Amino acid sequence: MIAPIHSLPLSAPKPHAASQARRATRIASLLPLEYPADLPVVLRREELIKAIIQHQIVIVCGETGSGKTTQLPKICLELGRGVQGMIAHTQPRRVAARLVAARIARELKTELGGVVGYKVRFTDRVSAETCIKLMTDGILLAEIQSDPLLKKYDTIIIDEAHERSLNIDFLLGYFKQLLLCRADLKLIITSATLDAERFAQHFANEHTPPPIIQVTGRSYPVEVRYRPLHSETEASQQNTSNPSSNLLAANKLAASKLDEGLTLPDAIC
């Protein structure tokens, strides 16, 4: 049973200093980070950095293909997040959590299970050096039962929040209260639709909603080709003008039916 949020302490105890030192050393070895120049989210990198530094909650509204899923955790690493606690990065499905973790690890040129790990049902590839932890939203929701303040994390990224699953709705409702107790915790919500305005109103503090950063997606040229109709028309005209070919086809069909043991009238019908 989860304790009432108002009964929790106002600050979370800091994780072990040795774990912080290990994570800080691993992050320092990865700097400077490289970003794919062709991703639209990279063009808004400076704006994202400024928003994350100045606000506790940031909402990123980006179309599919903008790169927000893979680049936001790297931006958080560059800002020094992931040292005091891990960066939790949720995905709606287990397959997505594994694939995104593998992609980020490949971009950081590190092994999966080290700086970047993931945890899904029946699989846990997280170590003491893990700074970015991919997981399903259900896993994060389950961890609240044993860790109501989510002390293991200093940053939480809720990806694909526009899907509005039951787990995501529970998490968003819980974080609104949790952030009052965890001033050091950063929350980043990503959405691919216009629901970002509703998310901002939900987390509005004293009538001041969190910032919404719009990121465009990548578009590709699409050529539409239509099959010409005259070929089908000519084929139908040829069948009509050549009754001998139609008769030959009917005879072959009747012969095949006779081979199956049908009588001649049944075969013809």
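Preceding this paragraph is the structure being described.
The following refers to the structure shown. (Residues numbered from 1 in each chain as written. Predicted model: local features only at pLDDT ≥ 70, side-chain atom pairs only at ≥ 80, totals over all residues. Heavy atoms only, no water.)

## As for the overall build of the protein
At step 1: Counting its regular elements, the protein contains eleven helices and eight strands.
At step 2: A buried classification covers 42% of the 269 residues belonging to the protein.
At step 3: Sequence-distant contacts, at least 24 apart, represent 73% of the contacts inside the protein between residues at least 6 apart.
At step 4: Taken as a whole, the protein presents about 15300 Å² of accessible surface, with 56% of it coming from carbon and sulfur. (Helix = DSSP H or I, 4+ residues; strand = E, 2+ residues; numbered from the N terminus. Buried < 20%, exposed > 50% of the residue type's maximum accessible area, 1.4 Å probe, protein only. Contact = heavy atoms within 4.5 Å. Areas by Shrake-Rupley, 256 points an atom, 1.4 Å probe, with all protein chains shown as cover.)

## Thoughts on the sheet that holds strand S6 (residues 153–158)
At step 1: Spatially, the eight strands line up as an open sheet ordered S4-S3-S5-S2-S6-S7-S1-S8, and their pairing is mixed. At either end of the open sheet lies a strand with only one pairing partner, and these are strand S4 (123–125) and strand S8 (212–215). For this sheet, the mean angle separating the axes of adjacent strands, direction not counted, is 20 degrees.
At step 2: Where strand S1 (residues 57–62) lies against S8, four bridges are found, and the strand directions are parallel. Counted as the bridge partner of Gly-62 is Val-215 from S8.
At step 3: Contacts between helix H5 (residues 94–107) and the sheet are confined to strand S2 (86–91), strand S3 (116–120) and strand S5 (132–136), with S3 contributing the most and set at about 170 degrees to the helix. (Pairing = 2+ DSSP bridges. Axes fitted to C-alpha atoms, helices over the stretch in contact; angles between N-to-C directions.)

## Description of the packing of helix H6 (residues 137–146) against helix H7 (residues 166–181)
At step 1: Between H6 and H7, the least distance of the axes is 9 Å, while the angle of their chain directions is 45 degrees. As judged from the angle between their axes, H6 and H7 are oblique. Where H6 crosses over H7, the two elements pack in a sense that is left-handed. Between H6 and H7, the residues in contact are Asp-137, Gly-138, Leu-140, Leu-141 and Ile-144 and Asn-167, Ile-168, Phe-170, Leu-171, Tyr-174 and Phe-175, respectively.
At step 2: The residue makeup of the contact of H6 with H7, split by class, is eight nonpolar, two polar and one charged. (Parallel < 35°, antiparallel > 145°, perpendicular 65-115°, else oblique. Left-handed = near helix turned anticlockwise from the far one by under 90°. Nonpolar A, V, L, I, M, F, W, Y, C, P; charged D, E, K, R; others polar.)

## Let's talk about a nonpolar patch on the surface
At step 1: There is a patch of nonpolar side chains on the surface, built from Val-222, Val-224 and Tyr-226 and spanning about 420 Å² of accessible area.
At step 2: Topologically, Val-224 is positioned in the loop between S8 and helix H9 (230–241).
At step 3: You can call Val-224 exposed: its relative accessible area is 58%. (Patch = residues over 30% accessible without salt bridge, like charges linked within 9 Å, V, L, I, M, F, W, Y side chains within 5 Å. Salt bridge = Lys/Arg side-chain N within 4 Å of Asp/Glu carboxyl O.)

## Considering the nonpolar core
At step 1: Formed by 36 residues in total, the largest nonpolar core has its most connected members in Leu-77, Leu-108, Val-116, Ile-132 and Leu-134.
At step 2: Those residues within four positions of Val-116 in sequence are excluded, and the remaining contacts are Ala-101, Ile-104, Ala-105, Leu-108, Glu-111, Thr-130, Ile-132 and Leu-134.
At step 3: Counting 30 residues, the second largest nonpolar core, distinct from the first, contains Ala-161, Ile-168, Phe-175 and Ala-196. (Core = buried A, V, L, I, M, F, W, Y, C linked by side-chain atoms within 4.5 Å.)

## A short note on the side chain of Thr-90
At step 1: Position of Thr-90 relative to the elements: it lies in strand S2.
At step 2: Accessibility expressed as a relative area gives 1% for Thr-90, which makes it buried.
At step 3: Every residue in contact with Thr-90, bar those within four places of it in the chain, is listed here: Met-135, Thr-136, Asp-137, Leu-140, Ile-157, Ile-158 and Asp-159.

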